[in-house]
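Geometric and topological summary
One letter stands for each residue in the lines below.
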Amino acid sequence: MIAQENPGNRPTAWTARLASVVERIAATPGDHRTALPALTLHRRNRPSQPVHCIYTLGLAVTVQGTKRVLLGERQHVYGPGQSLLTTIDLPVSYHVTHASAAEPFLGIMLKLERSLIIQAASGFDGGPPAKAPGSPLSLQRLNAPVLDALHRMINLLDEPSLLPQLAPLIEQEIVVRLLAGPHGPHLRNLANATSPERRIDQTVGWLREHFAEQTRVGDLAERANMSETTFRHHFRTITGMSPLQFQKLLRLQEARQLMLERNMSAGTASALVGYESVSQFSREYRRLFGAPPLTDIRKALSH
């Protein structure tokens with residue numbers, strides 16, 4: 001397993017300030033939506049079980065506690081002041097590893113607009129240059145100006161009359177500062193229309209809409225305007241898995257949501273997401289989630 005973790009997870013004055021304002025608004029455990037649709041605040045009073053979900057284009061920031069995110073065999077662990085930038089929609093699992101009632105896990109999730117990144121990156125001369133394709137997850141420590149902008153954005157929730165005018169300006173500032181910092185190469189690759197990241201990103205977007213359909217890798221490669229060999233290489237390099245493994249994760253996660261939210265049987269859910277064999281679905285489901293569908297769903301609903 002490939003682990004990535006930055007040293008020095010002790011909180012700074014800026015992360016302490018952020019923790020104070022996040023804890024004030026996210027006063028109870030859970031995921032808290034805000035008046036800004038792109039901004040959510042998160043609190044956990046104890047370590048959590050693994051959660052399977054889709055990470056979309058955005059910036060996840062830990063201001064207190066520690067969180068682990070797993071993409072395929074790639075593991076990313078981040079603590080106070082560290083951030084995880086996601087540039088491509090990805091099926092991941094995550095869990096909070098350090099949290100307590102006295103010192104809860106506190107986090108920020110800010111979804112980013114692809115159009116804003118592309119606009120800000122065009123003609124932008126500052127910051128590190130784009131680099132060879134790599135993981136769509138970038139783990140970096142945020143500097144004081146970015147933490148300050150996030151602090152101002154969250155405090156702006158207390159001024160609803162100013163929110164529509166000022167929030168877009170702060171969001172733009174955050175994107176520009178991210179482009180100028182260590183996350184910059186990942187954002188530049190996303191903004192470059194001819195980069196492998198941009199083409200794989202577009203393919204992933206198509207797969208998310210059509211995951212239940214029978215798919216040939218050759219057709220996906222043609223859609224990405226690449227040879228099949230090149231497409232397979234870039235897809236695995238960027239996502240950490242093959243195109244068909246990626247599609248399987250999308251199907252299994254969607255089936256689990258259908259069973260949890262709509263009380264569907266395993267047979268019905270598996271058929272809806274594209275499985276022809278219930279027994280194959282059950283085997284692959286157990287391999288991913290650690291238990292057969294019925295057992296896993298009962299356990300999840302009991303918590």
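Okay, so let's go over this structure.

Definitions and cut-offs
Residues numbered from 1 in each chain as written. Predicted model: local features only at pLDDT ≥ 70, side-chain atom pairs only at ≥ 80, totals over all residues. Heavy atoms only, no water. Helix = DSSP H or I, 4+ residues; strand = E, 2+ residues; numbered from the N terminus. Rg over C-alpha atoms; globule rule 2.2 N^0.38 Å. Buried < 20%, exposed > 50% of the residue type's maximum accessible area, 1.4 Å probe, protein only. Contact = heavy atoms within 4.5 Å. Areas by Shrake-Rupley, 256 points an atom, 1.4 Å probe, with all protein chains shown as cover. Lys, Arg positive; Asp, Glu negative; His and termini not counted. Charge placed at Lys NZ, Arg CZ, Asp CG, Glu CD. Pairing = 2+ DSSP bridges. Axes fitted to C-alpha atoms, helices over the stretch in contact; angles between N-to-C directions.

Overview of the overall build of the protein
- When helices and strands are tallied, the protein shows 12 helices and 11 strands.
- Here the C-alpha atoms of the protein give a radius of gyration of 20 Å, agreeing with the 19 Å that 2.2 N^0.38 yields for 303 residues.
- Dimensions of the protein along its principal axes, counting C-alpha atoms only, are 55 × 50 × 40 Å.
- Residues classed as buried in the protein amount to 50% of the 303 residues present.
- Taking the intrachain contacts of the protein between residues at least 6 apart in sequence as the baseline, contacts between residues at least 24 apart amount to 73%.
- Here the protein displays about 14,600 Å² of accessible surface, and carbon together with sulfur accounts for 51% of that area.
- When the 33 basic and 25 acidic side-chain charges of the protein are each reduced to a single mean position, those positions are 5 Å apart.

Notes on the pairing of strand S10 (residues 105–111)
- Counting buried positions along S10 yields six of seven residues, so the element is predominantly enclosed.
- Sheet analysis places strand S3 (residues 39–44) next to S10, joined by six bridges and oriented antiparallel. For Arg 43, the partnering residue across the bridge sits in S10 and is Leu 106.

Side note on the sheet that holds S10
- An order of S2-S3-S10-S5-S8-S11 is seen for the six strands of this open sheet, with the pairing classed as antiparallel. In the strand order of this sheet, the two ends are held by strand S2 (30–33) and strand S11 (137–141), each with one partner. When the angles between neighbouring strand axes are averaged without regard to direction, this sheet yields 20°.
- As paired strands, strand S5 (residues 58–64) and S10 are joined by six bridges and run antiparallel to one another. From the neighbouring strand, Thr 62 faces S10, where its bridge partner is Gly 107.
- Each of S2, S3, S5 and S10 touches helix H1 (residues 13–25); the most contacted strand, S10, lies at about 90° to it.

Observations concerning the environment of Pro 29
- Summarising the element assignment, Pro 29 is placed in the loop between H1 and S2.
- With 262 residues separating them along the chain, Pro 29 and Ala 291 place their C-alpha atoms 26 Å apart.

Read these as spatial facts, not as claims about activity.
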